[in-house]
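# A structural walkthrough
Given next are the chains, with one letter for each unit.
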Amino acid sequence: AQKVTQAQTEISVVEKEDVTLDCVYETRDTTYYLFWYKQPPSGELVFLIRRNSFDEQNEISGRYSWNFQKSTSSFNFTITASQVVDSAVYFCALRGPGTASKLTFGTGTRLQVTL
Amino acid sequence: NAGVTQTPKFQVLKTGQSMTLQCAQDMNHEYMSWYRQDPGMGLRLIHYSVGAGITDQGEVPNGYNVSRSTTEDFPLRLLSAAPSQTSVYFCASMTGGLGETQYFGPGTRLLVL
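Each chain has its residues counted from 1, following the order in which its sequence is written. Whichever chain is written first becomes A and whichever ligand is written first becomes 1, with later ones labelled in order. Restriction of local features to residues with pLDDT of at least 70 applies here, the model being predicted, together with a cutoff of 80 or more for giving and counting side-chain atom pairs; totals for whole chains, interfaces and linings are based on all residues. Hydrogens and water molecules were not included; the side-chain quantities draw on all heavy atoms of the structure.

### Some words on the packing of aromatic side chains
The geometry of two aromatic rings is summed up by the distance between their centres and the angle between their planes. Stacked, tilted and edge-to-face pairs are distinguished by plane angle, under 30 degrees for stacked and over 60 for edge-to-face with tilted covering the rest, among Phe, Tyr and Trp rings (Trp via its six-membered ring) whose centres lie within 6.5 Å. Under the criterion given, the structure shown has 20 aromatic pairs over all chains. Considering the side-chain rings of Tyr 25 of chain A and Phe 68 of chain A, the 6.3 Å spacing of their centres and the 40° angle between planes classify their relative orientation as tilted. Residue Tyr 25 of chain A is found in strand β4 (residues 24–26), and its partner Phe 68 of chain A is found in strand β8 (residues 64–69); the two are separated by 43 residues along the sequence. Judged by centre distance (5.0 Å) and plane angle (5°), the ring pair of Trp 66 of chain A and Phe 77 of chain A falls under stacked. In this pair, Trp 66 of chain A is assigned in strand β8 and Phe 77 of chain A in strand β9 (residues 74–79), connecting sequence segments 11 residues apart. On the basis of relative accessible area, Phe 77 of chain A is assigned to the buried category, the value being 0%. Grouping aromatic residues by their ring pairs yields a cluster made of Phe 35, Tyr 37, Phe 47, Phe 91 and Phe 105 of chain A together with Tyr 35, Phe 90, Tyr 103 and Phe 104 of chain B. Here the guanidinium or amino end of Arg 95 of chain A rests over the ring plane of Tyr 31 of chain B, the centre of that ring lying 5.8 Å away. Only runs of H or I of at least four residues qualify as helices and only runs of E of at least two qualify as strands under DSSP, and these elements are numbered from the N terminus. Note on exposure labels: buried denotes an accessible area under 20% of the residue type's maximum, exposed denotes more than 50%, and partly exposed covers the range between, all computed with a 1.4 Å probe on protein chains only. Throughout this description, the term charge over a ring refers to an Arg CZ or Lys NZ atom that lies within 6 Å of the ring centre and within 35 degrees of the ring normal.

### A closer look at the interface of chain A and chain B
When the parts of a complex come together, some accessible area is lost, and that lost area is often used as the size of the interface. If you look at the interface, chain A gives 20 residues, while chain B gives 23 residues. Taking both partners together, chain A and chain B bury about 1700 Å²; carbon and sulfur atoms supply 58% of that area. A carboxyl oxygen of Asp or Glu within 4 Å of a side-chain nitrogen of Lys or Arg is what we treat as a salt bridge. Between the two partners, chain A and chain B, sit 1 salt bridge. Glu 59 of chain B is the partner of Lys 102 of chain A in a salt bridge, and the nearest nitrogen-oxygen pair spans 3.4 Å. N or O atoms closer than or at 3.5 Å make up a polar contact, with two conditions inside protein: a donor-capable atom paired with an acceptor-capable one, and, for residues adjacent in sequence, both atoms drawn from side chains. Here chain A and chain B share 4 residue pairs in polar contact (both at pLDDT 80 or more) between them. Counting residues per element, the ones that place at least two in the side of chain A that touches chain B are β5 (33–39), β6 (46–52), β10 (88–95) and β11 (103–105) of chain A. For the side of chain A that touches chain B, the leading source of residues is β5 of chain A, giving 4 residues. Amino acid classes used here: Ala, Val, Leu, Ile, Met, Phe, Trp, Tyr, Cys and Pro are nonpolar; Asp, Glu, Lys and Arg are charged; the rest, including Gly, are polar. Here the residues of the side of chain A that touches chain B sort into 10 nonpolar, 7 polar and 3 charged. Between two residues, a contact is recorded if the distance between any of their heavy atoms is within 4.5 Å. Here the quantity called buried area is the total loss of accessible area, with a 1.4 Å probe, experienced by two parts when brought into contact, counted for both.

### Some words on the pairing of strand β3 (residues 19–25) of chain B
Residues and elements named next belong to chain B. With burial as the criterion, only one face of β3 is covered, namely that bearing Met 19, Leu 21, Cys 23 and Gln 25; the residues Thr 20, Gln 22 and Ala 24 on the opposite face remain uncovered. Only strands that DSSP links by at least two bridges are regarded as paired with each other. Sheet analysis places strand β1 (residues 4–7) next to β3, joined by 4 bridges and oriented antiparallel. In the sheet register, Val 4 faces β3, and the bridge partner there is Gln 25. With 3 bridges connecting them, β3 and strand β8 (residues 76–78) associate as antiparallel partners. Bridge assignment links Thr 20 to a residue of β8, and that residue is Arg 77.

### Some details on the state of the cysteines
Only a pair of cysteine sulfur atoms within 2.5 Å qualifies as a disulfide here. What the rule picks out here adds up to 2 disulfides over all chains. For Cys 23 of chain A, the disulfide goes to Cys 92 of chain A, at an S-S distance of 2.0 Å. Note on the Cys 23 of chain A and Cys 92 of chain A pair: the S-S dihedral is about -65°, so by sign convention the disulfide is left-handed. Taken together, the residues span a long stretch of sequence, with Cys 23 of chain A in the loop between β3 (19–21) and β4 and Cys 92 of chain A in strand β10 at a distance of 69 residues. Judged by relative accessible area, which is 0%, Cys 23 of chain A ranks as buried. Judged by its relative accessible area of 0%, Cys 92 of chain A falls in the buried class. Each disulfide pairs two cysteine sulfurs, and for Cys 23 of chain B the partner residue is Cys 91 of chain B, the sulfurs being separated by 1.8 Å. Across the disulfide from Cys 23 of chain B to Cys 91 of chain B, rotation about the S-S bond amounts to roughly -70°, and the bridge is consequently left-handed.

### A closer look at the sheet that holds β3 of chain B
Note: strands within a sheet are paired through backbone hydrogen bonds, in either parallel or antiparallel orientation. All names here are of chain B. With antiparallel pairing, 4 strands are arranged side by side in an open sheet as β1-β3-β8-β7. The sheet terminates laterally at β1 and β7 (64–66), the two strands that pair on one side only. Sheet twist, expressed as the average angle between the axes of neighbouring strands with direction ignored, equals 20°. In this analysis, axes come from line fits to C-alpha atoms, helices being fitted only over the stretch in contact, and the angle between any two N-to-C directions falls in the range 0 to 180 degrees.

### Structural notes on the nonpolar core
Residue and element names in this part refer to chain A. Here, the term nonpolar core denotes a set of buried Ala, Val, Leu, Ile, Met, Phe, Trp, Tyr and Cys residues that are joined through side-chain atoms within 4.5 Å. Formed by 23 residues in total, the largest nonpolar core has its most connected members in Trp 36, Phe 75, Phe 77, Tyr 90 and Leu 111. Secondary structure elements with two or more residues in this core: β2 (10–14), β3, β5, β8, β9, β10 and β12 (109–114). Take this core: its biggest share by element is 4 residues, from β10. In this structure Tyr 90 touches Gln 6, Leu 21, Trp 36, Tyr 37, Lys 38, Leu 48, Tyr 64, Phe 77, Ile 79, Gly 108, Thr 109 and Leu 111, once residues within four positions along its chain are discounted.

Geometric descriptors of this kind do not, in isolation, establish any biological role.
Structural data, given as structure tokens:
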């Protein structure tokens, strides 16, 4: 069975602070895929990143960076110099190897960035 | 491309009523799915389809019915609405390849009284 844990229910930071959102996953598959989605107050789900289990390279995209560590089954997401527009709920998700594998979501972390 | 579209955006139902949530995609994606989002529970898979004519149950299928007569459309039917089905419903689609990314529609907010 697959499981994704986002232990941080809510995080509050002041603009320009760095913030890390934690994601820990469980799976028996050796091939799997990890995702992060953003859900802003408007409600839509916006895809941020996909990472394959066989690619442990960290990734940076502007102020966003992701740290994937198979040894600790974690796929953490860091926002550098946070901005008010980063305020949203962030979901980590896991998908198995099959074409019909379902996407298992964590419960989400609500990030509030204030001035 | 319009991507994944969902109608209606918001709906109020009375207990026992039936309705269909519409989902369409214009990306020729083989895989489509329905999720519900409830507070503190993330998104849970209701039903999914790997192609026209093929559907299967997800994690929480009870009370819902789906069909996939075309590649583009994947409607979700509530047979007899219950207050427990009050939720936000998301439709998603993706190509059929391994590890592909699912893209989500804007969601339908459903309130069952």
